Amino acid sequence: MTPGETETVAVPATDDEPRPRGVGFGPLPPDRAPFSPRQLWRLDEALTMSTRETGITFSVYVGALDNPTHQHAEALHAQLGEVAPDAVLIAVSPGQRTLDIVTGEQSARRLPDRSLALAALSMRASFSSGDLLGGLVNGLRMLADQAGRAD
Amino acid sequence: MSVVQTVLVFVGIPALVFGLVGVLVLAPGAARTPRYRPGEAWDHEPVWYVPQPKRVRTPSAGSGYAALERGHSTPALTGSDAGSDPGPDAGSDAPDTPPPAPARTARGGVHDTW
């Protein structure tokens, strides 16, 4: 409970004791990192390898997106700056259950929307079964395979 | 064999074995990061992962990462308009007039839900 609530609401004395937090119950604390270090390592490997193989800058955003989510994802893509034409942004909002992939001017030539849809289909299958990181890693791998090697 | 020894052998040792097995089963689950389940609220901070520039050396990547690093500090990286609010005095027009957005760079893309 926050201090603000205790000021305005009369709280019984017993509620002041810290409640035991069961494993896996209740909302996740917001400061908790979404991925474990081992998962982050996998994501790092996938990002680095796919970017190095293809010459396309892949980036992954995980978090809430404003509606419409695809426009927000496009705005994020524009923030990539000079690498944006060569970049692919994968924006996932687990809370809204949306997935958006955005390509730039150069990367769109190597990854047409049809290829993106195929990768999105595979990622969606993993996401819907709760495997957030597996979906991201597999999606990155599929996109890198379809883009081919750097010229 | 005394009563104490009997109790230790026939109760203590089985209890120890059960306890050990229980700890081995439950410990990995307790230490693991909670798993995402579809439909659950996502209350983590937004995160944006980009490949490490030092480990990626490609002709097309070039020196464009300077701009990428600048992008990390932009307010929109927080994923909402809350971070771009300059203050209470400008709060009335801040949501309507966000800082000038970069030119649109997207050429293709897909949107999907699950």
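Just so it is clear, the structure is predicted and the values come from calculations on it, not from any experiment.

## Section: the sheet that holds strand β2 (residues 87-93) of chain A
1) Next: Taken together, the five strands give an open sheet; going across it, the order is β1(B)-β1(A)-β2(A)-β3(A)-β2(B), and neighbouring strands pair in mixed fashion. Strands with a single pairing partner mark the edges of an open sheet, and in this sheet they are β1 (47-49) and β2 (108-113) of chain B. Each strand axis lies, on average, 10 degrees off the axis of its neighbour in the sheet, ignoring direction.
2) Next: In this sheet, strand β3 (residues 98-103) of chain A lies alongside β2(A) in antiparallel orientation, the contact comprising six bridges. Note on β3(A): the bridge partner recorded for A:Ile90 is A:Ile101.
3) Next: With respect to the sheet, helix α5 (residues 113-128) of chain A is in contact with β3 of chain A together with β2 of chain B, its orientation differing from that of β2(B) by roughly 25 degrees.

## Some thoughts on the nonpolar core
Residues and elements named next belong to chain A.
1) Next: Formed by 39 residues in total, the largest nonpolar core has its most connected members in Val88, Leu89, Ile90, Ala91, Leu136, Leu140 and Leu143.
2) Next: Elements represented by at least two residues in this core include exactly α2 (37-54), β1 (57-62), α3 (69-78), β2, β3, α5 and α6 (132-147).
3) Next: With eight residues, the single largest contributor to this core is α6.
4) Next: Each residue touching leucine 140, except ones within four places of it in the same chain, is listed here: Ala46, Leu47, Ser50 and Phe58.

Calculation criteria
- Residues numbered from 1 in each chain as written.
- Chains lettered and ligands numbered in written order.
- Predicted model: local features only at pLDDT ≥ 70, side-chain atom pairs only at ≥ 80, totals over all residues.
- Pairing = 2+ DSSP bridges.
- Helix = DSSP H or I, 4+ residues; strand = E, 2+ residues; numbered from the N terminus.
- Axes fitted to C-alpha atoms, helices over the stretch in contact; angles between N-to-C directions.
- Contact = placed C-beta atoms within 7 Å.
- Core = buried A, V, L, I, M, F, W, Y, C linked by C-beta atoms within 7 Å.
- Buried ≥ 20, exposed ≤ 12 C-beta atoms within 10 Å, placed from the backbone.

Purely geometric stuff here, so don't read any function into it on its own.
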